[in-house]
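Fold and geometry: a report
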Amino acid sequence: MKKYNHFVNGKEMLPNNGEYFETENPYTCTKWADVAKGNAHDVDVAVNVAKEAFEKSWSNTKPTERGKLLVKLAELVERDAQKLGEIEVQDNGKLIAEMGAQTKYLAEWYRYFGGLADKVEGAVLPSDKPGIFNFTKYEPFGVIGMITAWNSPLLLLSWKLAPALAAGNTAVIKPSEFTSSSTLVFMNLIKEAGFPPGVINVVCGLGKEAGSAIVNHPDIAKIAFTGSDQSGQIIYEAAAKGIKHVCLELGGKSPNIVFEDADLDAAVAGVISGIFAASGQTCIAGSRLLVQSSIYKKFMTKLLDVASKAKVGNPMLPDTNVGPVATKPQFEKVLDYIDIGKSEGAKCVLGGDVFKGDGPQGGLMVQPTIFTECNNNMRIAREEIFGPVLSTITFDTEDQAFSIANDTAFGLGAGIWTNDIGKAHDGAS
Ligand code: NAD
């Protein structure tokens, strides 16, 4: 078993209470690492270190220097892409094929913000009063608390970390308790790139303990969070008490709309990757399929033909199409929603159960599942399942399609399949 500790002030830090929790491979269902279980004390130590690093060094570092470090980090991410990808596969069951694309994009992200670090421009604001000169200038916040979900740990972290560092902020990071290891391994690259100690710190632990301690810490100036709506709401309320800046990336129930004039084969490929990539555990997963009635039969035949051939199994194999669900609670939640769909009267035309293949017994595998005869009031059309479950709804007119698409509590993403560019732009705007 591997043992992972917090990363504070440029080195490992043991958990104050000596506690660890186990992390599990969702495909093999074997425990493979112990991770430090942080508490409010650990968070306090990390925030103090990050505050000192902000005040004494990082906020005074030249933007070009910060940019160079980020570009160096991008090179190291490129060098270690395979290794980083494999750790995430082991921790959350994401496909190694998907990780290949994601780690490549990660490097680009750090490179982009490395280039932007010395181009943060303010503005001169015109004034009609003589002798008055108005200008704006961007300044770093200070210490930013970064809390991430388990579905794409390094990607979600990089979205927050790269711009924050470029702008001169320091960070205290709490990865998901289900997938902390890749963030900790990533800290080796942070060190190697040459970031000063204390600029980037990681405290692992549970949301209600370590996460909440970050959100409530008086020296955290801003929270950057990715996770569920439920946790987002709690964090928003807590941050409001400290009048902290908050950036929340939450859930979705995104529609994929297929019109009768679409290239149906391309639409099938898009709908399938939209819901079955990462086993549906993507915030922008196209979990509602809206199909025009006139092509419904033809389109569903094509869709089922391709979806039923998906190779389900070992995420470490490059030709696997659908891997496991990442965590036991999520696995149970997805199966519950499949039961809800059946009891609501939707028709399950593909999957609808645990997947039992040749792989290890007990792996968190769910069959790729497609429901038809859904309506937009059903729970499987309204609530985020975050698993490989597609809810299909038909429509007749363009207005109807966009009205169903927009009738959701979420507003994260959407796909439009048509050959009419005007219709696509109308729908998007
Ligand atoms: P989650 O809300 O359970 O946990 C996310 C993180 O928040 C974890 O690190 C957790 O420990 C922490 N946390 C939980 N409660 C907390 C609290 N009270 N205070 C502070 N921290 C707390 O979410 P999850 O199950 O890990 O992730 C799945 C969710 O993330 C889905 O809803 C998905 O749509 C969403 N997501 C959104 C995006 C996006 O960009 N919009 C991207 C990926 C995932």
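Scroll up for the structure.
Notes on the structure in this doc start here. (Residues numbered from 1 in each chain as written. Predicted model: local features only at pLDDT ≥ 70, side-chain atom pairs only at ≥ 80, totals over all residues. Heavy atoms only, no water.)

Quick look at the sheet that holds strand E14 (residues 288-292)
Test applied: Between any two strands, pairing holds if DSSP finds at least two bridges. Helix and strand labels come from DSSP, where a helix needs a run of H or I of at least four residues and a strand needs a run of E of at least two; each type is numbered from the N terminus. Note on method: axes are straight lines fitted to C-alpha atoms, helices fitted across the in-contact stretch only, with angles between N-to-C directions ranging 0 to 180 degrees.
Taking strand neighbours across the sheet as the criterion, the six strands line up as E15-E16-E17-E14-E13-E18 in an open arrangement whose pairing is mixed. Each edge of the open sheet carries a strand with a single partner, namely strand E15 (347-350) and strand E18 (415-417). Taken over all neighbouring pairs, the strand axes of this sheet differ in orientation by 25 degrees on average, direction set aside. Taken together, the five bridges between E14 and strand E17 (residues 389-395) define a ladder with parallel strand orientation.

Some remarks on the environment of valine 143
With respect to the helices and strands, the residue valine 143 is situated in strand E8 (residues 143-147). Along the sequence, valine 143 and lysine 51 sit 92 residues apart, while their C-alpha atoms lie 6.0 Å from each other.

Considering the packing of helix H2 (residues 63-79) against helix H6 (residues 181-193)
Worth spelling out the cut-off: The labels follow the angle: roughly parallel below 35 degrees, roughly antiparallel above 145, roughly perpendicular from 65 to 115, and oblique for the rest. By the definition used in this description, the sense in which the near helix is turned from the far one sets the handedness, with an anticlockwise turn below a right angle giving left-handed and a clockwise turn giving right-handed. The contact rule is simple, with two residues in contact once any of their heavy atoms fall within 4.5 Å. Asp, Glu, Lys and Arg are counted as charged, while Ala, Val, Leu, Ile, Met, Phe, Trp, Tyr, Cys and Pro are counted as nonpolar; the rest, among them Gly, fall into the polar class.
One way to put it is that H2 packs onto H6 with a least axis distance of 9 Å and a crossing angle of 135 degrees. Taken together, H2 and H6 sit at an angle that is classed as oblique. In this structure, the crossing between H2 and H6 has a hand that is right-handed. Residues Leu69, Lys72, Leu73, Leu76, Val77 and Arg79 of H2 lie in contact with H6, whose contacting residues are Phe186, Leu189, Ile190, Glu192 and Ala193. For the contact of H2 with H6, a count of residues per class yields eight nonpolar, no polar and three charged.

Some points on a nonpolar patch on the surface
Rules: Excluding any residue in a salt bridge, patches collect residues exceeding 30% relative accessible area, merging like charges within 9 Å and nonpolar Val, Leu, Ile, Met, Phe, Trp and Tyr side chains within 5 Å. Calculation of accessible area relied on Shrake-Rupley with a 1.4 Å probe; when residues are assessed, cover is drawn exclusively from the protein chains displayed. One speaks of a salt bridge when a side-chain nitrogen belonging to Lys or Arg is within 4 Å of a carboxyl oxygen belonging to Asp or Glu. Relative accessible area decides the class of each residue, using a 1.4 Å probe on protein chains only: under 20% of the type maximum gives buried, over 50% gives exposed, and in between gives partly exposed.
Together, Val124, Phe133 and Phe135 make up an exposed nonpolar region whose accessible area comes to about 360 Å². Take phenylalanine 133: it is sitting in the loop between strand E6 (123-125) and strand E7 (134-136). According to the relative accessible area criterion, phenylalanine 133 is exposed, its value standing at 59%.

Focus: the pattern of salt bridges
Applying the stated criterion across every chain, the model contains 22 salt bridges. Two residues, lysine 423 and aspartate 261, come together in a salt bridge whose shortest N-O distance is 3.5 Å. On the criterion of sequence distance, the pair formed by lysine 423 in helix H14 (residues 421-428) and aspartate 261 in the loop between strand E13 (255-258) and helix H9 (264-276) is long-range, its members being 162 residues apart. According to the relative accessible area criterion, lysine 423 is buried, its value standing at 12%. Residue classification places aspartate 261 among the partly exposed positions, given a relative accessible area of 26%. The closest approach of N and O atoms between arginine 382 and aspartate 407, which form a salt bridge, is 3.0 Å.

Considering the environment of asparagine 39
Position of asparagine 39 among the secondary structure elements: in the loop between strand E5 (30-36) and helix H1 (40-56). The class for asparagine 39 is buried, based on a relative accessible area of 12%. For the pair asparagine 39 and alanine 210, spaced 171 residues apart in the sequence, the C-alpha separation amounts to 5.0 Å. Residues within four places of asparagine 39 in sequence aside, it is in contact with Asn16, Asn17 and Glu209.

Some words on the site of the ligand
Applied cut-off: Proximity is defined per residue: if any heavy atom of the residue lies within 4 Å of a molecule or strand, that residue is considered near it. Throughout this description, a polar contact denotes any pair of N or O atoms lying within 3.5 Å of each other; where both atoms belong to protein, one of them has to be capable of donating a hydrogen while the other can accept it, and for residues adjacent in sequence the pair is counted only when both atoms sit in side chains.
Around the ligand sit 29 residues, and of these Glu177, Ser228, Ser231, Leu250 and Glu384 come closest. Backbone polar atom of threonine 148 to an oxygen atom of the ligand: 2.7 Å apart, as the coordinates give it. A distance of 2.9 Å separates an oxygen atom of the ligand from a polar atom in the side chain of lysine 174. Coverage of the ligand by the protein chains reaches 88% of its 850 Å² of free accessible surface. If you list the elements that add at least two residues to the shell around the ligand, you get helix H5 (153-166), helix H7 (207-216), strand E11 (220-226) and helix H8 (229-241). For the shell around the ligand, the leading source of residues is H7, giving four residues. Here the shell around the ligand is built from residues that sort into 14 nonpolar, eleven polar and four charged.

Re unusual backbone geometry
Phi at serine 279 is positive, roughly 50 degrees, even though this residue is not glycine. Considering the arrangement of structural elements, one finds serine 279 in the loop between H9 and E14. On the accessibility criterion, serine 279 (2% relative accessible area) is buried. One non-glycine residue, glutamate 373, adopts positive backbone phi at about 55 degrees.

Points about the packing of aromatic side chains
What counts is decided by this rule: Here a pair means two rings of Phe, Tyr or Trp (six-membered ring of Trp) with centres within 6.5 Å. Their orientation is stacked below 30 degrees between planes, edge-to-face above 60, and tilted elsewhere. A ring has a charge above it when a Lys NZ or an Arg CZ is no more than 6 Å from the ring centre and no more than 35 degrees off the ring normal.
One pass over the structure, following the stated rule, counts ten aromatic pairs. Against the face of tyrosine 20 rests lysine 3, its NZ or CZ located 4.4 Å from the ring centre. Lying across the ring of phenylalanine 259, lysine 423 places its NZ or CZ 4.4 Å from the centre.

Here we look at the nonpolar core
Applied cut-off: Nonpolar cores are built from buried Ala, Val, Leu, Ile, Met, Phe, Trp, Tyr and Cys residues. Side-chain atoms within 4.5 Å join them into one set.
Counting 46 residues, the largest nonpolar core has Leu161, Phe186 and Phe195 as the members making the most contacts within it. Aside from chain neighbours lying at most four places away, what touches phenylalanine 186 is Leu73, Val77, Leu84, Tyr110, Leu154, Leu157 and Leu161. Membership of the second largest hydrophobic core comes to 26 residues, among which are Leu290, Phe331, Cys374 and Phe395.

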